[in-house]
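Coordinate analysis (summary)
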Amino acid sequence: MLVYPSGVDVSSSALRFLTQQLRRHRRAIGSRWRRLSAGRQALLTLAHLRVGHTYAQLAAGFGVGTTTAYRYVTEAVELLATLAPSLADAVRTASVKAYLILDGTLLPIDRIAADRPFYSGKHKRHGMNVQVIADPFGRLLWASPALPGAVHDIRAAREHGIVDALAQADIPCWADKGYRGAGGTVRIPCWGRWETLSTGQKAVNRSHAKIRALVEQAVATLKSWRILRKLRCSTTWITSLVQAVLTLLTAATRNSPRTASYGCDGQ
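On a predicted model such as this, the values are computed, not experimentally measured, just so you know.

All right, on to the overall build of the protein then. If you tally the helices and strands in the protein, you get 10 helices and nine strands. Expressed as lengths along the three principal axes of its C-alpha atoms, the size of the protein is roughly 65 × 45 × 30 Å. Taking all 267 residues of the protein together, the buried fraction comes to 51%. Counted over contacts in the protein with a minimum sequence separation of 6, partners at least 24 positions apart contribute 67%.

Below you can see the structure in the form of structure tokens.
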């Protein structure tokens, strides 16, 4: 396998954040020696999450075995997942904001046609349903655990307790028509075909659409991590990946424009 120097478009602050967490973890478990330092393990994990390189490619680039690369990534992802903000944390953060924006997104997975629970009729493909909450500026505040793609957005929101949590905190929430009947503080556009709506209702829906458009920025930020664009892992592992990315996006500051370099597969 050919190896060449490459880069990861992740800020050095994210690398420092993960490195610090791994150092604390190693001290806590009494780890004495590793093939890679905490910093190199952090870089390997970021390369996997951001670029989506396979374990074989990472192993070649970092000069370790494939099994070692798998263990290092798994350890770091599990550590990040435990640090992810909860729904209660997101609601607490949102308490000082005027409103929130709620939307669902589908993370594509590699499944056969027989796997009906994972097939989304809306998107016409297999995937996992993830609910996303953004602030009025389109910044990602929270991402839910992943549910099978066949689960509708309104059901997912109820199962995660999103509607009740926002209602208890009395935080207005803007959502699309997929959340019809959610109740609480969830606001959706006026229902009905466009030609049957009144002039006032059309104006309301235009305003609603402009507000809701900002949540697409949060979804795009989440999916900018290529590991989430086409998942080929076990569906039980997807929630950990989502929570790990969420931790990096919310906990690590992104002020540094520098990127980190590493070796990777030349294919």
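So, about the confidence of the model for the protein. Predicted confidence across the protein gives a mean pLDDT of 88, with 92% of residues reaching 70 or more. Every residue in residues 253-257 is under pLDDT 50, and counting partners more than four places away or in other chains gives 11 contacts.

What follows concerns unusual backbone geometry. Glycine aside, a negative phi is what most residues show, and trans is what most peptide bonds show. In the Ramachandran plot, Lys-124 falls in the positive-phi region, its phi being about 60 degrees despite a non-glycine side chain. Inspection of the secondary structure puts Lys-124 in the loop between β3 (119-120) and β4 (125-134).

Taken N-terminus to C-terminus, the directions of helix α1 (residues 12-29) and helix α2 (residues 38-51) make an angle of 125 degrees; their axes are 8 Å apart at the nearest point. By the criterion of interaxial angle, the relationship of α1 to α2 is oblique. Note on packing geometry: the crossing formed by α1 with α2 is right-handed. On the side of α1, the interface is formed by Ala-14, Leu-15, Leu-18, Thr-19, Leu-22, Arg-23 and Arg-26, while α2 contributes Ala-38, Gly-39, Gln-41, Ala-42, Leu-43, Thr-45 and Leu-46.

Attention shifts here to the pattern of salt bridges. Under the counting rule described, the total for this entry stands at nine salt bridges. Across the salt bridge formed by Lys-97 and Asp-135, the nearest N and O atoms sit 3.8 Å from each other. Residue Lys-97 is located in the loop between α5 (87-94) and β2 (100-108), and its partner Asp-135 is located in the loop between β4 and β5 (140-143); the two are separated by 38 residues in the primary sequence. We classify Lys-97 as partly exposed; its relative accessible area is 23%. With a relative accessible area of 1%, Asp-135 lands in the buried category. The residue Glu-159 makes a salt bridge to Arg-155 at a minimum N-O spacing of 2.8 Å. With Glu-159 and Arg-155 both in helix α6 (residues 153-159) and four residues apart, the pair spans about one turn of that helix. According to the relative accessible area criterion, Glu-159 is partly exposed, its value standing at 45%. Arg-155 gets classed as partly exposed once you look at its relative accessible area, which sits at 49%.

Attention now goes to α2. Compared with the 20 Å implied by 1.5 Å per residue over 14 residues, the 19 Å span of α2 between its first and last C-alpha is a close match. Within two residues after α2, Gly-52 carries a phi angle of roughly 80 degrees, on the positive side.

All right, on to the side chain of Asp-153 then. Assignment of secondary structure puts Asp-153 in helix α6. No salt bridge is formed by the buried Asp-153. Its closest oppositely charged neighbour is Lys-122, at 4.2 Å. A polar side-chain atom of Asp-153 sits 3.0 Å from a polar atom in the side chain of Asn-129. If we ignore the near neighbours within four places in the chain, the residues touching Asp-153 are Gly-104, Lys-122, Asn-129, Gln-131, Gly-178 and Tyr-179.

Take the side chain of Arg-34 next. Following the sequence through the fold, Arg-34 ends up in the loop between α1 and α2. Engagement of the side chain of Arg-34 in a polar contact is seen with the side chain of Ser-31, the distance being 2.9 Å. At 3.0 Å, the side chain of Arg-34 and the side chain of Glu-75 are in polar contact.

This next bit is on the environment of Ala-213. Looking at where Ala-213 falls in the secondary structure, it is placed in the loop between α8 (199-212) and α9 (215-223). Look at Ala-213 and you get partly exposed, because its relative accessible area is 44%.

All right, on to α8 then. Every α-helix carries 3.6 residues per turn, so stepping three or four residues along brings you back to the same face. Taking 1.5 Å per residue as the helical rise, α8 with its 14 residues ought to reach 20 Å, and the 20 Å between its terminal C-alpha atoms agrees with that figure. Looking only at α8, the buried set comprises Asn-205, His-208, Ile-211 and Arg-212. The buried residues of α8 occupy one face: seen down the axis, they fall within an arc of 120 degrees. Opposite the buried face of α8, by more than 90 degrees, sit the exposed residues Thr-199 and Lys-210.

So, about the state of the cysteines. If you walk through the whole model with that rule in mind, you get zero disulfides. Counting only cysteine sulfurs, Cys-190 is the nearest neighbor of Cys-173, a cysteine outside any disulfide, at a range of 16 Å. Judged by relative accessible area, which is 1%, Cys-173 ranks as buried.

Rules used in this analysis
Note that residues are indexed from 1 along each chain, following the sequence as it is written. With the structure being a predicted model, the display of local features is reserved for residues of pLDDT at least 70 and the display and counting of side-chain atom pairs for 80 or more, all residues being used for whole-chain, interface and lining totals. Derived side-chain values reflect all non-hydrogen atoms in the structure, with water molecules and hydrogen atoms excluded from consideration. Going along the chain from the N terminus, every DSSP run of H or I of four or more residues is numbered as a helix, and every run of E of two or more is numbered as a strand. Relative accessibility under 20% of the residue-type maximum defines a buried residue, over 50% an exposed one, and the middle range a partly exposed one, all with a 1.4 Å probe and only protein chains included. Residues are treated as being in contact if the distance between any of their heavy atoms lies within 4.5 Å. For every residue, the pLDDT score states the predictor's confidence, bounded by 0 at the bottom and 100 at the top. Axis definition: a line fit to C-alpha positions, over the contact stretch in the case of helices; interaxial angles, taken between N-to-C directions, run 0 to 180 degrees. Any angle that is under 35 degrees is reported as roughly parallel, and any over 145 degrees as roughly antiparallel; angles of 65 to 115 degrees are reported as roughly perpendicular and all others as oblique. Each helix crossing is assigned a hand: it is left-handed if the near helix lies turned anticlockwise from the far helix by less than a right angle, otherwise right-handed if that turn is clockwise. The term salt bridge refers to a side-chain nitrogen of Lys or Arg lying within 4 Å of a carboxyl oxygen of Asp or Glu. Helix span, as expected, comes to 1.5 Å for every residue beyond the first. The charge count treats Lys and Arg as positive and Asp and Glu as negative. His and the chain ends do not count. Nitrogen and oxygen atoms within 3.5 Å of one another constitute a polar contact, given that in protein one can donate a hydrogen and the other can accept it, and given that sequence-neighbouring residues count only through two side-chain atoms. Directions drawn from the helix axis to the C-beta atoms are what define this arc. Note on terminology: pairs of cysteine sulfur atoms within 2.5 Å are recorded as disulfides.

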